[in-house]
Every structure is written in structure tokens, then in C-alpha cells.
Amino acid sequence: MLFRSKGFTLIELMIALAVLALVTLLGVPAFSGIFERSRADSDTGELLRAFNVARLEAINHSEDVNINATTDDDWTKDIEIVRDGTVVRRYAGLPAGATITTTGDINSIVFDSLGGLKTPANAVVFTYSRGDSTKSLVVCPTGRILTGAACI
């Protein structure tokens, strides 16, 4: 009677582990880029929502609304929306590793009662960077907020 064993030999397992290790080493850098881009999209989306909330607050209450970086010119730290001297909403800062630069190094934007940009008078470009990812947000004089495009 022949007895046949079931399972894998040690050599087959070692080859399978070597192939798995090779695939993992080649795939990890691609995944880190995906996570970085996803984080950049999330962060710029949060900043976009904050600007939209400030603009809608100005339109809904028919008065000027200020959105500002609580730390001098650093939009990666906390952001406040202020209407009539009262903080309406506060957004927590972005995680470490992100940088945001603006045209003119401003730390405050004011939307007028019609939702237009009151201060500064011209378009403001926010450039977000995290690692190799770079995104831009533009606040147009009309108050419109665009991602990755210029004002018309």
C-alpha cells in the first residue's frame, strides 16, 4: 500500500514566501503615493469646505464674514470663521507634514454680504503641499472657490 502525504514541501513554501516578499517590496512605494494623494485631497477638501461655509454665512446673514488663520499666516493651523465679532465655527489644523502658502502671505479673507471677496480685492491662491503632492485652491474676487483652476 502506497502512502501519499498531502501538503506543501518546504521548498514550495520558501518559493511562495520569496515571491510574496518580492511583490510586497515592489508594491509598497506605489501604495504610499496613493495614501499621500488621498491625504492631500482630504486636506484641500476640508479647506474648501471652510471657505464655502464662510461664504454662505456671509450670504445668509447679509453681512461681512471673516475667515482667518489663527496663527500668523499659517493656514495649516486652526482656522476660524468670524461674523460680527463672534466665532461661528473653528476648524482644527491639518496634520503635521502639510504646508500651505498663499499669494500675498495673507492670514485673513473677508466675504461681503453678496458672497464676493471684500478683502483682499484680488484673487487669492492657496497652494497646498504634502510630500510630492501639490494642490491649489483659488478664491476668486466673485467669491467663487475653485480647485486647480484660475479665475475667469
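Provided above is the structure to which this section pertains.
Heads up: these notes are all about the structure in this document.

What counts and how
- Throughout this document, residue positions are counted from 1 along each chain, in the order its sequence is written.
- Reporting of local features is limited, given that this is a predicted model, to residues whose pLDDT is at least 70; pairs of side-chain atoms are given and counted only at 80 or more, and all residues count toward the totals for whole chains, interfaces and linings.
- Values shown for side chains rest on all heavy atoms present in the structure; no hydrogens or waters enter the calculation.
- One bridge is not enough; two strands pair if DSSP finds at least two bridges between them.
- Here a strand is any run of E in DSSP of at least two residues, a helix any run of H or I of at least four, and the numbering for each starts at the N terminus.
- Every axis in this analysis is a line fitted to C-alpha atoms, fitted for helices over the stretch in contact. Angles between the N-to-C directions lie between 0 and 180 degrees.
- Contact definition: two residues touch when any of their heavy atoms are within 4.5 Å.
- The disulfide criterion used throughout: a pair of cysteine sulfur atoms within 2.5 Å.
- Note on exposure labels: buried denotes an accessible area under 20% of the residue type's maximum, exposed denotes more than 50%, and partly exposed covers the range between, all computed with a 1.4 Å probe on protein chains only.
- The term salt bridge refers to a side-chain nitrogen of Lys or Arg lying within 4 Å of a carboxyl oxygen of Asp or Glu.
- As used in this record, nonpolar core signifies buried Ala, Val, Leu, Ile, Met, Phe, Trp, Tyr and Cys residues forming a set joined through side-chain atoms within 4.5 Å.

### Thoughts on the sheet that holds strand E2 (residues 74–83)
As summarised here, the arrangement of the five strands in space is E3-E2-E1-E5-E6, forming an open sheet in which the pairing is antiparallel. Two strands lie at the open edges of the sheet, namely strand E3 (86–91) and strand E6 (117–119), each paired on one side alone. Within the sheet, the average angular offset between the axes of one strand and its neighbour, ignoring direction, is 30°. When strand E1 (residues 65–71) meets strand E5 (residues 108–111), the two strands line up antiparallel, connected through four bridges. What sits directly across from Ile 67, in E5, is Ile 109. Sheet strands touched by helix H1 (residues 10–61): E1, E2, E3 and E5. Its angle to E2, the strand with the most contacts, is close to 15°.

### Describing the state of the cysteines
Per the counting criterion, the structure on display carries one disulfide. Disulfide pairing is shown between Cys 140 and Cys 151; the S-S distance is 2.0 Å. Between Cys 140 and Cys 151 the sulfur-sulfur dihedral comes to about -100°; the bridge is accordingly left-handed. Placement of Cys 140 in the loop between strand E8 (133–139) and strand E9 (145–147) and of Cys 151 in the segment after E9 is noted, with a sequence separation of eleven residues between them. Owing to a relative accessible area of 4%, Cys 140 belongs among the buried residues under this scheme.

### Observations regarding the pattern of salt bridges
Side chains carrying opposite charge are able to pair once their charged atoms draw close together. Scanning the entire structure with this criterion turns up nine salt bridges. Notably, a salt bridge pairs Asp 43 with Arg 130, separated by 3.3 Å at the nearest N-O pair. Highlighted residues: Asp 43 in helix H1 and Arg 130 in strand E7 (residues 124–130), separated in sequence by 87 residues. For Asp 43, a relative accessible area of 3% translates into the label buried. In this structure, Glu 46 and Arg 49 form a salt bridge, with 3.1 Å as the shortest nitrogen-oxygen distance. Taken together, the positions of Glu 46 and Arg 49, both in helix H1 and three residues apart, correspond to about one turn of that helix. With relative accessibility at 32%, the residue Glu 46 sits in the partly exposed group. For Arg 49, a relative accessible area of 44% corresponds to the partly exposed category. What emerges from the salt-bridge pattern is a single network uniting Arg 39, Asp 43 and Arg 130.

### Regarding the nonpolar core
Counting 26 residues, the largest nonpolar core has Phe 51, Ile 67, Trp 75, Ile 109, Phe 111, Phe 126 and Val 139 as the members making the most contacts within it. Those elements giving two or more residues to this core turn out to be H1, E1, E2, E5, E7 and E8. Tallying contributions element by element places H1 first for this core, with six residues. If we ignore the near neighbours within four places in the chain, the residues touching Ile 109 are Phe 51, Val 65, Asn 66, Ile 67, Leu 117, Thr 119, Pro 120, Phe 126 and Val 139.

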